[in-house]
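# Coordinate analysis (summary)
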Number of protein chains: 2
Amino acid sequence: MRTLLHLWLSPYCRKIRVALATKGLDFEMQVEKAWERRPEFLAMNPAGSVPVLIDEDGTILADHMAITEYLEEIHPAIPLLGADPRARAETRRLIGWFDEKFAREVTANLVDEKIMKRFLGLGQPNSAAIRAGQVNIHHHMAYIGWLCERRKWLAGEEFSLADIAAAAHLSTVDYVGDVPWEDHPGAREWYARVKSRPAFRPLLADRIPGCPPPKHYADLDF
Amino acid sequence: MRTLLHLWLSPYCRKIRVALATKGLDFEMQVEKAWERRPEFLAMNPAGSVPVLIDEDGTILADHMAITEYLEEIHPAIPLLGADPRARAETRRLIGWFDEKFAREVTANLVDEKIMKRFLGLGQPNSAAIRAGQVNIHHHMAYIGWLCERRKWLAGEEFSLADIAAAAHLSTVDYVGDVPWEDHPGAREWYARVKSRPAFRPLLADRIPGCPPPKHYADLDF
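All right, on to the overall build of chain A then. Tallying secondary structure elements over chain A gives seven helices and four strands in all. Over its C-alpha atoms chain A spans a radius of gyration of 17 Å, differing by no more than 12% from the 17 Å that the globule rule assigns to 222 residues. Dimensions of chain A along its principal axes, counting C-alpha atoms only, are 45 × 45 × 25 Å. Considering chain A as a whole, with its 222 residues, one finds that 56% of them fall into the buried category. Considering only contacts in chain A between residues 6 or more positions apart, those separated by 24 or more positions represent 65%. Taken as a whole, chain A presents about 9300 Å² of accessible surface, with 54% of it coming from carbon and sulfur. For chain A, the separation between the mean place of its 28 positive charges and that of its 31 negative charges on side chains is 4 Å.

The next point concerns the domain arrangement of chain A. Residue and element names in this part refer to chain A. Per the domain assignment, the segments making up chain A are domain 1 (2-74) and domain 2 (85-200 + 212-218). Inter-centroid distance (C-alpha atoms) of domain 1 to domain 2 is 20 Å. Across the boundary between the two partners, domain 1 contributes 14 residues, which contact 21 residues of domain 2. Carbon and sulfur atoms make up 74% of the surface buried where domain 1 meets domain 2, a total of about 1600 Å² over both sides. Together, L9, R14 and V18 form the three largest contributors to the area buried by domain 1 at its contact with domain 2, with a combined 36%. For the pair domain 1 and domain 2, the number of links is two salt bridges. Of the charged contacts in the structure, one is a salt bridge between K15 and D99, with a shortest N-O distance of 2.6 Å. When residues of the side of domain 1 that touches domain 2 are assigned to their parent elements, the largest contribution, eight residues, is made by helix 1 (residues 11-22). Looking at the side of domain 1 that touches domain 2 residue by residue, the classes come out as eight nonpolar, three polar and three charged.

Turning to the sheet that holds strand 1 (residues 2-6) of chain B, a few remarks are in order. All names here are of chain B. The strand order 2-1-3-4 describes an open sheet built from four strands, whose pairing is mixed. In this open sheet, the two edge strands, each paired with only one partner strand, are strand 2 (27-31) and strand 4 (60-62). Direction aside, neighbouring strands of the sheet carry axes that sit 20° apart on average. As defined by bridge partners, strand 1 adjoins strand 2 across five bridges and the pair is classed as parallel. Looking at strand 2, one finds that T3 is bridged to E28. Across the face of the sheet, helix 1 (residues 11-22) comes into contact with strand 1, strand 2 and strand 3 (52-54) while running at roughly 160° to strand 1.

Our next topic: empty space enclosed by the protein. Throughout the structure, instances matching the rule amount to one cavity of 30 Å³ or more. Space inside the largest cavity adds up to approximately 90 Å³. Every element with two or more residues in the lining of the largest cavity is listed here: helix 3 (64-74) and helix 4 (85-119) of chain A together with helix 3 (64-74) and helix 4 (85-119) of chain B. When grouped by side-chain class, the residues that make up the lining of the largest cavity number three nonpolar, four polar and six charged.

We now examine the packing of helix 4 of chain A against helix 6 (residues 161-175) of chain A. Residue and element names in this part refer to chain A. Interaxial distance between helix 4 and helix 6 falls to 8 Å at its minimum, and their mutual angle equals 5°. Here helix 4 is positioned roughly parallel relative to helix 6, judged by the angle of their axes. Contacts between helix 4 and helix 6 involve T91, L94, I95, F98, D99, F102, A103, V106, T107, L110 and V111 on the former and, on the latter, L161, A162, A165, A166, H169, L170, T172 and V173. Looking at the contact of helix 4 with helix 6 residue by residue, the classes come out as 14 nonpolar, four polar and one charged.

Once that is clear, we can look at the environment of D219(A). Among the secondary structure elements, D219(A) is positioned in the segment after helix 7 (185-195). Linking D219(A) and D206(A), residues 13 residues apart in sequence, is a C-alpha distance of 13 Å.

Let us look at the sheet that holds strand 3 (residues 52-54) of chain A. Pairing between the strands of a sheet is mediated by backbone hydrogen bonds and can be parallel or antiparallel. Residues and elements named next belong to chain A. If you trace the four strands from one edge of the open sheet to the other, you get 2-1-3-4, paired in mixed fashion. With one partner strand each, in any of the chains shown, strand 2 (27-31) and strand 4 (60-62) form the two edges of the open sheet. On average, adjacent strands in this sheet sit at an angle of 20° to one another, irrespective of strand direction. Of the strand pairs in this sheet, strand 1 (residues 2-6) and strand 3 are connected by three bridges, and their pairing is antiparallel. The residue bridging T3 from the neighbouring strand is I54, located in strand 3.

Conventions adopted
- Residues numbered from 1 in each chain as written.
- Chains lettered and ligands numbered in written order.
- Predicted model: local features only at pLDDT ≥ 70, side-chain atom pairs only at ≥ 80, totals over all residues.
- Heavy atoms only, no water.
- Helix = DSSP H or I, 4+ residues; strand = E, 2+ residues; numbered from the N terminus.
- Rg over C-alpha atoms; globule rule 2.2 N^0.38 Å.
- Buried < 20%, exposed > 50% of the residue type's maximum accessible area, 1.4 Å probe, protein only.
- Contact = heavy atoms within 4.5 Å.
- Areas by Shrake-Rupley, 256 points an atom, 1.4 Å probe, with all protein chains shown as cover.
- Lys, Arg positive; Asp, Glu negative; His and termini not counted.
- Charge placed at Lys NZ, Arg CZ, Asp CG, Glu CD.
- Domains from an automatic or database assignment.
- Buried area = accessible area lost by both parts, 1.4 Å probe.
- Salt bridge = Lys/Arg side-chain N within 4 Å of Asp/Glu carboxyl O.
- Nonpolar A, V, L, I, M, F, W, Y, C, P; charged D, E, K, R; others polar.
- Pairing = 2+ DSSP bridges.
- Axes fitted to C-alpha atoms, helices over the stretch in contact; angles between N-to-C directions.
- 1 Å grid on protein atoms, 1.4 Å probe; cavity = no way out; pocket = protein on both sides within 12 Å on 5 of 7 lines; lining within 4 Å.
- Points joined across faces, edges and corners; volume = space filled by probe spheres on them.
- Parallel < 35°, antiparallel > 145°, perpendicular 65-115°, else oblique.

This is the structure in structure tokens:
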């Protein structure tokens, strides 16, 4: 059995969970408190970050992009990047958009401030950062809506890792109750479609002790 | 002819320049002052960031990872990721190390503070950030040295995008004179080998007006 070393609200770990499930690959999860810098964990990934995937044959894979590209190469039956080089370039452009730009402008300002800081004992959330995140997210929600007016899914006609990366980030922001769904019906309709996919459902059951999500978090008709 | 929209000291643009040159692909460069948010540029890459590559057939490619993966797919003759899925996973893990971890812990603290802030009129460099970058870089230099004791190049026996990504970041830090070469002979020997490659040489001729590099920057026997 594959083992995914992860943290509950890491969007990069969520991306791997959904990618594995979409490809029909079984795995078990093990929480890795990366900040404790366990020597056995650092031996697997000297960067000290999750996700780390231990594959069935013992291959240890670190770095979220390295993992998704590896899974796509080894298990191509259900492709998640696209059918040809141009389609894959578009999917990867959008993965970069969410994993870098959305992460920096939104996830870091909202999820890291509200949850990670508390867990790591790094003090009070920075209210200026939270305000910035709450402003920035509208730009991204509008972009999701714009894409979905032109395509069935974010990168094209097929569900892809672009949808998975975007929904992984958005789901963590939704967990802290900061997604302005009412202002962005296009993005909301897209997210409802993602939420209803069996591979995505397990994320909706995640619960951080002491930090319950808002009621609509797991609701398919939010 | 391909056109690369770039900024001189962007490590991500430098990565693409070296990747293109290593693969023997001709290109011309055009400086894109991304912060001016030129409408024609935003139409090509709504993320508003460089690098953007306009390929010979007019295909517009944005996002540094999307570009390198596309080049590897379309021009596989000189592979830069590795020969098999495991080798590619190791190369991509190290690309992630430098493009995310080194970028956050070193490049942002040194190059962004010393050069980008000045260009963008964002005020004085933050001296605490600079000190943090100067401490952090030792960890990365030691890791490069550790890898090179075990392998010919960072990801294995072949020169790869891991070397290119690492050297792209390091070259920008070297431009501001903050690489402690004397403390890390292993990393220094590796960088001397990278520097001597024809595909890397053009980077050593880069000059930012008003910000000359230290004398050793372009020296192959530094």
